[in-house]
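The primary structure of each chain is shown beneath.
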Amino acid sequence: MKVPRKDTYRLQDKIDLILKVNYNSSFFAAIFGLVCYFFLHIEGVIPYTFLVYAFINILNTLLYKQHQRLVLTYNLTSILSMLGAIVITMYSGGIESPFVFVLAIIVFAGYVTTKVFGQLYLILNLAVLTLLFLYDVGDFKISENTVPEASRTWFAYLSAVFAVYLLGGVFGKNLLRAHHKLYKSRNEIQLRIDEKETLLKEVHHRVKNNLQTVSSLLSLQSRSIDDSKISNIIKSSQNRVVSMAMVHEMLYKRDDYLSKIELEPYVKELCDYLVRSVEGSGRDVKVNLDIKNYKLSIDTVIPLGLIINETITNALKYGIAEVPNGEIHVSVEKINDNRYSMYLGDNGIGYSEEINPKTSNSLGLKLIYNLARQLRGSITRDYSKKGTHYTIEFEEVIEQFNSVDN
């Protein structure tokens with residue numbers, strides 16, 4: 001599997017940091033060990049621990065080039081550093097040793113690598129500090145301070161220099177460089193995001209304009225045809241196009257157009273348009289909406305809009321055409337995390353139970369059932385009430401919008 005580009009950069013930053021820390025700590029440990037032996041006249045465990053650590057750690061670092069297992073290299077270095085620091089601390093004053101602060105650098109290195117390693121080494125080093133404290137206050141002794149009295153000030157100074165250099169000169173310097181790279185990358189990514197958002201907004205704008213152009217052409221075509229049946233068919237197609245254009249218009253107008261579409265204002269705008277388009281302004285049709293603040297993907301809203309368009313258009317043309325106080329009901333409720341139930345109903349005359357997509361040539365009826373299937377849903381009719389009543393269970397989908405013929 002190909003490693004994502006940004007993860008490759010992060011991994012390379014960690015590799016560079018760990019290798020630089022290993023090389024620097026090995027080099028200065030060797031120098032520290034030689035200084036302890038020849039200039040501070042410290043004999044025994046302390047200088048040998050420094051030299052053994054330097055040798056094994058540089059060997060461990062060189063072996064990384066062979067096996068390329070960063071976690072193994074890091075953990076071996078951390079364990080070796082912790083053991084070396086514990087030994088040097090025990091033989092240079094115990095809990096009062098100036099070298100004890102090197103344990104904090106091991107914890108810091110852990111958090112630089114991953115949070116898990118940081119927490120692990122934090123717990124381990126807190127336990128080590130507690131044991132060192134109990135060892136110092138206890139009567140049982142296995143080691144004494146092997147640093148000569150005359151050299152202790154110099155040893156404390158060199159221990160502080162060793163710790164400060166690793167923390168600031170190695171970790172701090174490289175973390176700052178990584179931070180600058182991250183900041184630069186973040187600015188570049190944000191610039192690309194802004195460009196893509198602008199492009200996407202322009203796409204929605206152009207799609208909306210193109211659909212509106214198609215709608216206008218269909219409207220002109222319907223007016224030029226004398227056959228009322230064909231004219232109505234073209235008008236229905238025009239409404240379907242408008243229902244899709246509204247989705248892109250809402251995405252274009254909103255500041256957060258990249259987010260999901262608010263269902264309630266879309267359905268309200270679509271219903272108002274359909275009532276004006278079919279009935280005109282001379283008749284009062286009541287549309288009752290019960291939709292909470294649901295936000296759905298464009299791949300879900302477009303099929304839903306087409307379903308609502310077909311059912312409401314049929315209701316306005318046939319169901320409640322002769323009903324004095326026509327009412328249309330649309331409600332949506334959430335069933336679970338990804339499934340919803342939509343109710344569509346009117347108080348019109350309804351139609352026979354024998355009429356269904358298999359027995360009828362109605363394109364609108366076929367569309368309703370096909371679009372419900374496209375939303376991975378099911379559709380049922382309630383025959384116990386007056387009028388036409390649908391209950392559609394559907395699922396929010398986020399994928400390419402396929403043809404209703406599929």
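In case you missed it, the structure is sitting above this.
A quick note: this is a predicted structure, and the numbers were derived from the prediction, not measured.

(A) Structural view of the overall build of the protein chain. Scanning the protein chain from N- to C-terminus turns up ten helices and seven strands. In terms of C-alpha radius of gyration, the protein chain reaches 37 Å, well past the compact-globule figure of 22 Å for 406 residues. By principal-axis analysis of the C-alpha atoms, the protein chain measures approximately 110 × 45 × 35 Å. Split into buried and exposed, the 406 residues of the protein chain put 40% on the buried side. Intrachain contacts of the protein chain at a sequence separation of at least 6 include 72% that bridge at least 24 residues.

(B) View of the sheet that holds strand β4 (residues 327-334). Read from one edge to the other, the open sheet built from five strands follows the order β2-β4-β5-β7-β6, with strand pairing classed as mixed. The open sheet has two edge strands, β2 (286-291) and β6 (378-381), and neither has a second partner. Averaged over neighbouring strand pairs, the angle between their axes works out to 10 degrees when direction is ignored. Pairing geometry for strand β5 (residues 339-346) and strand β7 (residues 389-395), over seven bridges, is antiparallel. Paired with Met-342 across the strands is Ile-392, a residue of β7. The sheet contacts of helix α9 (residues 298-319) involve β4, β5 and β7, and relative to β5 the element is tilted by about 15 degrees.

(C) Inspection of the pattern of salt bridges at higher detail. Tallying each qualifying case throughout the model produces five salt bridges. We note a salt bridge from Arg-152 to Glu-149, for which the minimum N-O separation is 3.0 Å. The exposure class assigned to Arg-152 is partly exposed, which follows from its relative accessible area of 31%. Residue Glu-395 is joined to Arg-339 by a salt bridge in which the shortest nitrogen-to-oxygen separation is 3.4 Å. Taken as a pair, Glu-395 in strand β7 and Arg-339 in strand β5 lie far apart in primary sequence, 56 residues in all. If you follow the salt bridges from partner to partner, you end up with Arg-339, Arg-376 and Glu-395 in one network.

(D) Examining helix α6 (residues 152-223) more closely. If you check α6, its first and last C-alpha atoms are 102 Å apart, about what 72 residues at 1.5 Å a residue would give, namely 106 Å. Of all the bends found along α6, the most pronounced is centred on Gly-172 and spans about 30 degrees.

(E) Looking closely at the side chain of Ser-243. Mapped onto the elements of the fold, Ser-243 is located in helix α7 (residues 228-253). Looking at Ser-243, the relative accessible area reads 0%, which means it is buried. Within the structure, Ser-243 has its side chain in polar contact with the backbone oxygen of Arg-240 (distance 2.7 Å).

(F) Representation of the packing of aromatic side chains within the structure. This model, assessed by the stated rule, comprises 14 aromatic pairs. Their ring planes at 85 degrees and their centres at 6.0 Å tell us that Tyr-74 and Tyr-121 sit as a pair that is edge-to-face. Of this pair, Tyr-74 sits in helix α3 (residues 70-90) while Tyr-121 sits in helix α5 (residues 115-137), and the two are 47 residues apart along the sequence. Ring-pair connections join several aromatic residues into one group, and the members of that group are Phe-32, Phe-50, Phe-99, Phe-155 and Phe-162.

(G) Layout of the environment of Thr-130. Note that Thr-130 resides in helix α5. A relative accessible area of 43% means that Thr-130 is categorised as partly exposed. Among the polar contacts made by the side chain of Thr-130, one reaches the main-chain carbonyl oxygen of Leu-126 at a distance of 2.9 Å.

(H) Representation of the packing of α9 against helix α10 (residues 363-374). In contact at an axis separation of 9 Å, α9 and α10 are set at 155 degrees when each is read in the N-to-C sense. The angle between α9 and α10 falls in the class roughly antiparallel. Here α9 runs over α10; the crossing is left-handed. Residues Pro-303, Leu-306, Ile-307, Glu-310 and Thr-311 of α9 form the contact with α10, whose own contacting residues are Gly-364, Leu-367, Ile-368, Leu-371, Ala-372 and Gln-374. When grouped by side-chain class, the residues that make up the contact of α9 with α10 number seven nonpolar, three polar and one charged.

(I) Inspection of the packing of helix α2 (residues 45-67) against α3 at higher detail. Their axes nearest at 10 Å, the elements α2 and α3 cross at an angle of 180 degrees. Accordingly, the angle class assigned to the pair α2 and α3 is roughly antiparallel. Taking contact as the criterion, the partners of Val-45, Ile-46, Thr-49, Phe-50, Tyr-53, Ile-56, Asn-57, Asn-60, Tyr-64 and His-67 in α2 are, on α3, Leu-70, Leu-72, Thr-73, Leu-76, Thr-77, Leu-80, Ser-81, Gly-84, Val-87 and Ile-88. A breakdown of the residues in the contact of α2 with α3 according to their chemical character gives twelve nonpolar, eight polar and no charged.

What counts and how
- Residues numbered from 1 in each chain as written.
- Predicted model: local features only at pLDDT ≥ 70, side-chain atom pairs only at ≥ 80, totals over all residues.
- Heavy atoms only, no water.
- Helix = DSSP H or I, 4+ residues; strand = E, 2+ residues; numbered from the N terminus.
- Rg over C-alpha atoms; globule rule 2.2 N^0.38 Å.
- Buried < 20%, exposed > 50% of the residue type's maximum accessible area, 1.4 Å probe, protein only.
- Contact = heavy atoms within 4.5 Å.
- Pairing = 2+ DSSP bridges.
- Axes fitted to C-alpha atoms, helices over the stretch in contact; angles between N-to-C directions.
- Salt bridge = Lys/Arg side-chain N within 4 Å of Asp/Glu carboxyl O.
- Expected span 1.5 Å × (residues − 1).
- Bend = angle between axes of the 7 residues up to and from the residue.
- Polar contact = N/O pair within 3.5 Å; in protein donor to acceptor, adjacent residues only side chain to side chain.
- Phe/Tyr/Trp six-rings, centres within 6.5 Å; stacked < 30°, edge-to-face > 60°.
- Parallel < 35°, antiparallel > 145°, perpendicular 65-115°, else oblique.
- Left-handed = near helix turned anticlockwise from the far one by under 90°.
- Nonpolar A, V, L, I, M, F, W, Y, C, P; charged D, E, K, R; others polar.

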